[in-house]
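# Breakdown of the fold
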Number of protein chains: 2
Amino acid sequence: MKTTEPHQSEHEHEHQSSSHNHNDCIDSALATAETLCVQQGQRLTKVRRRALELIWESHRPLGAYQLLAKLAEEGFNSAPPTVYRALDFLLAAGLIHKVESMNAYLGCAHADKAHKGYFLICDDCHNVMEFDYQDIHTALIAKAAQQGFELRAETIELTGLCSKCKSKAAGAIA
Amino acid sequence: MKTTEPHQSEHEHEHQSSSHNHNDCIDSALATAETLCVQQGQRLTKVRRRALELIWESHRPLGAYQLLAKLAEEGFNSAPPTVYRALDFLLAAGLIHKVESMNAYLGCAHADKAHKGYFLICDDCHNVMEFDYQDIHTALIAKAAQQGFELRAETIELTGLCSKCKSKAAGAIA
DNA sequence: TAGATTTTGTTATGATATAACAAGTCAAAC
DNA sequence: GTTTGACTTGTTATATCATAACAAAATCTA
């Protein structure tokens, strides 16, 4: 494994960090989304745009029906296909990820860069940190190729205890 | 990444390989299950044992309700809790894995060895190959630790085209 | 603006999973 | 060998996640 690459950690993005203004993330994500959609001749309609915002406003992965409820509150249609269509669009555009082990959806922090969505999911506070790790990606491609397997998509979801909850747990014992 | 370990591929297990007798796998898996349960003071009851066999008899991951239908045919109770209880037991005992991206369950080929369930899932034929890859595991632990994250479980599900389906696709074009 | 394409509305249903509590089974302690 | 307690299973109901199918509306393009 190469370890000489610079910036291997540059893509970390912690949702709900107390040290960042989440509004900036949302604004940036929406701006990126607009740009990408225009570039690709895709229509970021009202419901799609608002769905994306709501996903970003949530600090943790949002379930489809949670999102649907929020959309319904705002006057959008409240039938399931509404939300699943929006989610399908956003997933296809790479603007969100689905966390398979939670059946929930999360804003993608770097939709404009080709990347894989790898996640660290805290069992305790349920916050999710997306990370990018080119070395893992490269190793997985090679491993798959050994089996004659051509990789198309990767679901990498790691669960455990985040640093905050680990400290909290340690404090509780002491 | 260490590359000097021998046998880094020794755990590959392809379900539904034409070149192996799947019955041997089932027998072996069941024998291992019996042993493990006895060792751990767990009861491999009729329904749990039969559920495990049925999962193994299926050549690809089996959905909970597919399994429930098979159990019902054999006179077991046909209500969902029956199958989910069996699945929960088998998962907790490490005898099966859940493939999150498919909502389906797969026999674990090496329940007696500590390992992580990593999967290659063919988009075309839907066969699943479980693989073990210590180097990835080690790298992920290290990566998580960098973020102060203590890893507990890993969901690694890779989708794409298996070698057979790749050949088939190439043949169709030619 | 006509026709084609895409998006949304609407109704219904399918698929996956759990809650809650009652009844039965088993094994160890008495 | 019966009681006791833990574990397992039965049963009913419901929660949660997702899609099919077709009609209506909006938007793009020629």
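If you're wondering where the values come from, they're calculated on a predicted model, not measured in any experiment. (Residues numbered from 1 in each chain as written. Chains lettered and ligands numbered in written order. Predicted model: local features only at pLDDT ≥ 70, side-chain atom pairs only at ≥ 80, totals over all residues. Heavy atoms only, no water.)

### Focus: helix H5 (residues 134–146) of chain B
Defined as follows: Secondary structure elements follow DSSP: runs of H or I no shorter than four residues count as helices, runs of E no shorter than two count as strands, and numbering proceeds from the N terminus. Each residue after the first adds 1.5 Å to the expected span of a helix. The buried label applies to any residue whose accessible area, calculated with a 1.4 Å probe on protein chains only, is under 20% of its type's maximum; exposed applies above 50%, and partly exposed to all values in between. The criterion used for residue contact is that any of the two residues' heavy atoms lie within 4.5 Å.
The end-to-end C-alpha distance of H5 of chain B, which contains 13 residues, comes to 18 Å, matching closely the 18 Å that a straight helix rising 1.5 Å per residue would cover. Here H5 of chain B has its buried residues at Asp135, Ile136, His137, Ala139, Leu140, Lys143 and Ala144 of chain B. As for H5 of chain B, its buried residues are in contact with strand E4 (118–122), strand E5 (128–131), helix H5 (134–146) and strand E6 (150–161) of chain A together with strand E4 (118–122) and strand E6 (150–161) of chain B.

### Section: the UniProt feature "binding site: Zn(2+)" (unreviewed entry) in chain A
Note the threshold: UniProt positions are given in the numbering used here, feature names are shortened, and annotations may be inferred rather than shown by experiment.
As annotated in UniProt, the feature "binding site: Zn(2+)" (unreviewed entry) corresponds to Cys122, Cys125, Cys162 and Cys165 of chain A in the numbering used here. Judged by maximum C-alpha separation, these annotated positions cover 44 residues in sequence but sit close together in space, the widest gap being only 8.2 Å. Mapped onto the elements, Cys122 of chain A comes out in strand E4. Beyond its immediate chain neighbours, meaning those up to four positions away, Cys122 of chain A contacts Asn127, Gly160, Leu161, Cys162 and Cys165 of chain A together with Phe149 of chain B. As for its position among the elements, Cys162 of chain A is in the loop between E6 and helix H6 (163–173). Here Cys162 of chain A falls in the buried class, since its relative accessible area comes to 13%. Look past the residues within four positions of Cys162 of chain A in its chain and what remains in contact with it is Cys122 and Cys125 of chain A together with Gly148 and Phe149 of chain B.

### Here's the deal with the interface of chain B and chain A
Stated precisely, the cut-off is as follows: Between Lys or Arg on one side and Asp or Glu on the other, a salt bridge is scored when a side-chain nitrogen of the former is within 4 Å of a carboxyl oxygen of the latter. We define a polar contact as two N or O atoms separated by no more than 3.5 Å, with the added condition that, inside protein, one atom must be a possible hydrogen donor and the other a possible acceptor, whereas residues neighbouring each other in sequence contribute only through side-chain atom pairs. Classification convention: Asp, Glu, Lys, Arg as charged; Ala, Val, Leu, Ile, Met, Phe, Trp, Tyr, Cys, Pro as nonpolar; all other residues, Gly among them, as polar. Any two strands with at least two DSSP bridges between them are considered paired.
The partner chain A presents 38 residues to the 38 residues of chain B that form the contact. Between chain B and chain A we count 2 salt bridges in total. One salt bridge in this structure joins Asp123 of chain A and Arg152 of chain B, with 3.1 Å as the shortest N-O distance. Joining chain B to chain A, the criterion identifies 14 residue pairs in polar contact (both at pLDDT 80 or more). Of all the elements in the fold, those that place two or more residues in the side of chain B that touches chain A are E4, strand E5 (128–131), H5, E6 and helix H6 (163–173) of chain B. For the side of chain B that touches chain A, the element with the highest residue contribution is E6 of chain B, accounting for 12 residues. Tallied by class, residues from the side of chain B that touches chain A come to 18 nonpolar, 10 polar and 10 charged. Where E6 of chain A meets E6 of chain B, 11 bridges bridge the pair, whose relative direction is antiparallel. Note that in E6 of chain B the partner of Leu158 of chain A across the bridge is Glu154 of chain B.

### Quick look at the protein's contact with DNA strand D
Quick reminder of the rule: Whether a residue is near a molecule or strand is decided by its heavy atoms; if any one of them lies within 4 Å of it, the residue is near.
Taken together, 18 residues form the shell around DNA strand D, and within it Tyr65, Tyr84 and Lys98 of chain A together with Thr45 and Arg85 of chain B come nearest. Counting only the atoms of DNA strand D within 4 Å of the protein, the fraction contributed by sugar and phosphate is 49%. When residues of the surface near DNA strand D are traced back to their parent elements, those giving at least two are helix H4 (80–92) of chain A together with helix H2 (46–57) and helix H4 (80–92) of chain B. When residues in the surface near DNA strand D are grouped by element, the largest group, 4 residues, is from H4 of chain A. Of the residues belonging to the surface near DNA strand D, the class tally is 8 nonpolar, 4 polar and 6 charged.

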